[in-house]
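Okay, here's what each chain looks like letter by letter:
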Amino acid sequence: MILQSIKDLVQYGLDQELLTKEDEIYTVNRLRELFRLEETEANSDCPENIPAKREFGKEDPGGRLERILDTLLEYAVSAGLLEADSIVYRDLFDTKIMAALLPRPSEVIRNFWKLHGEVSPRAATDAYYKFSQDSNYIRRYRIVKDQKWMVPTEYGELVITINLSKPEKDPKAIAAARTAGQNGYPKCLLCMENEGYAGRVDHPARQNHRVIPITLQGEAWGFQYSPYVYYNEHCIVFNKQHIPMKIDHSTFLRLFDFVEQFPHYILGSNADLPIVGGSILSHDHFQGGNFEFPMARAEIETEVAIPGFADVKAGILKWPMSVIRLRGKEAGRLAELSGLILDHWRSYTDEAAVIYAHTGGEPHNTITPIARKRGDVFEMDLVLRNNITTEEHPLGVYHPHGQLHHIKKENIGLIEVMGLAILPARLKTELELLADAILTGKDYRKIEATEKHADWADGFLPFYRDANSGKNMKDMKDIMDVLRAEVGKVFRLVLEDSGVYKRTPEGKAAFLRFVDSLHRQ
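Residues numbered from 1 in each chain as written. Predicted model: local features only at pLDDT ≥ 70, side-chain atom pairs only at ≥ 80, totals over all residues. Heavy atoms only, no water.

S.K.: So what's going on with the nonpolar core? Residues and values would help.
M.R.: Phe35, Phe223, Phe258 and Tyr501 are the most contacted members of the largest nonpolar core, which totals 91 residues. If near-sequence neighbours (up to four positions away) are discounted, Phe258 is found in contact with Ile214, Leu216, Phe223, Cys235, Val237, Tyr265, Ile266 and Leu267. (Core = buried A, V, L, I, M, F, W, Y, C linked by side-chain atoms within 4.5 Å. Buried < 20%, exposed > 50% of the residue type's maximum accessible area, 1.4 Å probe, protein only. Contact = heavy atoms within 4.5 Å.)

Structure follows, in structure tokens:
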């Protein structure tokens, strides 16, 4: 069985073009060494004894790979090759298995830039994305388990996902990580040294990982995909140096440099302060990909004119968060104006709007920027952020408020700012149990997993139970549809809580006060 599974894996590598026929014997021998197969079994690999190639037909590559790896892992467990039979040790070992099939980084890099120059940037990223999946760096068979649905709102459709392939992170732990010492190897999950790293129980293996070096504004950066792909071709662009996140004038130039090189991708940055920033503040990086986020479809609600920038179209978006969109054909001009807005926002205080640039010497104002290119026109979305906390809102005034924490408590980063919710895995089970309780008449306040959702459910269920609502709640599907719609409404409220200027007449007036104050710069 082990020999057949090794042969199946090598055939998978051949079919996915991870290796060539000339690599076959070499790869088999590397796998034999990994599985510690005795030399006395050597004759079983003679040509007449190698199992015949099996036909896999139209089987999904991800499913096919999962099945082969499961068989190999079962053998590894039975042979005592794993320290323990757990998901952590299985992931460490199956990454080592996949490494035997893969080319060196230089080959992947050479192929990427050859396609970029001779065919197109899209051809280069298509090939690299496929490689990242075929190598099992992106575990397709886990990603497909994530749940995703769309919810209509007054801002357009929002995208709701329940993440089933990555554990949650606590906001306080994220903030603490920013000030943690630079110890260990690799220093963080984004360091270049992850490429080929064997991993450990508290750090994923990356022997199947390949990084594409790119240059942004004359500096060395790395380009890779997220192993969790929250959306299509979810990529990460990271500084080759392990330095903290920082939004400054050069950030805007780097973002535009990237979208010029890869015009079919967007690229943005998390904010550089705790609470409103991303999950890794200790390493400067961007995120992007080949996906149109809901915010990209939002329209300018109020056009504004900024003196000295008549060539730039600027306006406030119709969006739950506070966004200024800039459009123009000269990326440098947009970057210049973005820098002016950033500098002004960093020092801007409006007590009437509960916006304080500093308290006790601690800065609060920053920006989440997103760059894209539409034809020959560049766009920059500048999302105004503030991370001030109070006794009433200890996790942040412009952060999901307490009544929403049963659905979303974590930081609202770049991806969610743009209208894609990344909700914790616990919700899958909790919503299913809540739906069952509603269907069967159980008291969901007395169920530990659903108690936190009780007030929320009490708030919307009367409407759906009303005979005049036009809604059906006859079975689990009907109820789950209702719950998904209501989760979408909660996410809309999450974004509205996170917006520094509210969608009220007072909030809109305060936003215009900030824009008008730019005239004095």
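S.K.: Would you mind going over the sheet that holds strand S15 (residues 420-423) in detail, with residue names and values included?
M.R.: Here three strands make up an open sheet; going across it, the order is S1-S2-S15 and the pairing mixed. Of all the strands in the sheet, the pair left with one neighbour each is strand S1 (147-153) and S15. Within this sheet the neighbouring strands show an average axis-to-axis angle of 25°, counted without direction. Pairing of S1 with strand S2 (residues 156-162), which is carried by seven bridges, proceeds in the antiparallel orientation. Each bridged residue has a counterpart across the sheet, and for Gln147 the counterpart in S2 is Ile162. Here helix H15 (residues 476-498) sits on the sheet and contacts S1, S2 and S15; the angle it forms with S2, its principal contact strand, is near 105°. (Pairing = 2+ DSSP bridges. Helix = DSSP H or I, 4+ residues; strand = E, 2+ residues; numbered from the N terminus. Axes fitted to C-alpha atoms, helices over the stretch in contact; angles between N-to-C directions.)

S.K.: Please give an account of the packing of aromatic side chains that cites residues and values.
M.R.: Counted according to the given criterion, the structure contains 31 aromatic pairs. Residues Phe35 and Phe93 carry aromatic rings whose centres are separated by 5.7 Å and whose planes lie at 80° to one another, so their mutual orientation is edge-to-face. Here Phe35, found in the loop between helix H2 (24-34) and helix H3 (61-78), pairs with Phe93, found in helix H4 (residues 87-99); they are 58 residues apart in sequence, far enough to count as distant. Of the residues examined, Phe35 reaches a relative accessible area of 1% and is grouped as buried. For Phe93, a relative accessible area of 7% puts it in the buried group. Where Tyr155 meets Trp319, the ring centres are 6.3 Å apart and the plane angle is 65°; that geometry is what we call edge-to-face. (Phe/Tyr/Trp six-rings, centres within 6.5 Å; stacked < 30°, edge-to-face > 60°.)

S.K.: Run through the layout of surface pockets, naming residues and quoting values.
M.R.: Empty pockets left among the atoms are what a rolling probe the size of a water molecule brings to light. A volume near 720 Å³ is recorded for the second largest pocket. In terms of lining residues, the second largest pocket is bounded by 29 residues, among which Leu18, Leu102, Pro103, Val108 and Phe131 are the most central. Those elements giving two or more residues to the lining of the second largest pocket turn out to be H2, helix H5 (105-118) and helix H6 (121-134). No other element matches the six residues that H6 contributes to the lining of the second largest pocket. For the lining of the second largest pocket, a count of residues per class yields 15 nonpolar, six polar and eight charged. (1 Å grid on protein atoms, 1.4 Å probe; cavity = no way out; pocket = protein on both sides within 12 Å on 5 of 7 lines; lining within 4 Å. Points joined across faces, edges and corners; volume = space filled by probe spheres on them. Nonpolar A, V, L, I, M, F, W, Y, C, P; charged D, E, K, R; others polar.)

S.K.: Now, about the packing of helix H9 (residues 249-261) against helix H11 (residues 331-346): what can you tell me, with residues and values included?
M.R.: Where H9 contacts H11, the two axes come as close as 8 Å, and the packing angle between them is 150°. If you check the angle between H9 and H11, you find them roughly antiparallel. For the pair H9 and H11, the crossing hand works out as right-handed. Contacts between H9 and H11 pair His249, Phe252, Leu253 and Phe256 from the former with Ala331, Leu334, Ala335, Ser338, Gly339, Leu340, Leu342 and Asp343 from the latter. Looking at the contact of H9 with H11, its residues break down into eight nonpolar, three polar and one charged. (Parallel < 35°, antiparallel > 145°, perpendicular 65-115°, else oblique. Left-handed = near helix turned anticlockwise from the far one by under 90°.)

S.K.: How would you summarise a nonpolar patch on the surface if you had to cite specific residues and measurements?
M.R.: Nonpolar side chains collect at one region of the surface, where Ile87, Val88 and Val201 lie side by side and expose about 250 Å² of accessible area between them. Here Val201 lies in the loop between helix H8 (171-178) and strand S3 (212-216). Its relative accessible area of 52% is what places Val201 among the exposed residues. (Patch = residues over 30% accessible without salt bridge, like charges linked within 9 Å, V, L, I, M, F, W, Y side chains within 5 Å. Areas by Shrake-Rupley, 256 points an atom, 1.4 Å probe, with all protein chains shown as cover. Salt bridge = Lys/Arg side-chain N within 4 Å of Asp/Glu carboxyl O.)

S.K.: Tell me what's going on with the environment of Lys489, and back it up with residues and numbers.
M.R.: When you line up the elements, Lys489 lands in helix H15. Sequence separation between Lys489 and Pro152 is 337 residues, and the spatial gap between their C-alpha atoms is 8.9 Å. Only 3.0 Å separates the side chain of Lys489 from the side chain of Glu486, close enough to count as a polar contact. (Polar contact = N/O pair within 3.5 Å; in protein donor to acceptor, adjacent residues only side chain to side chain.)

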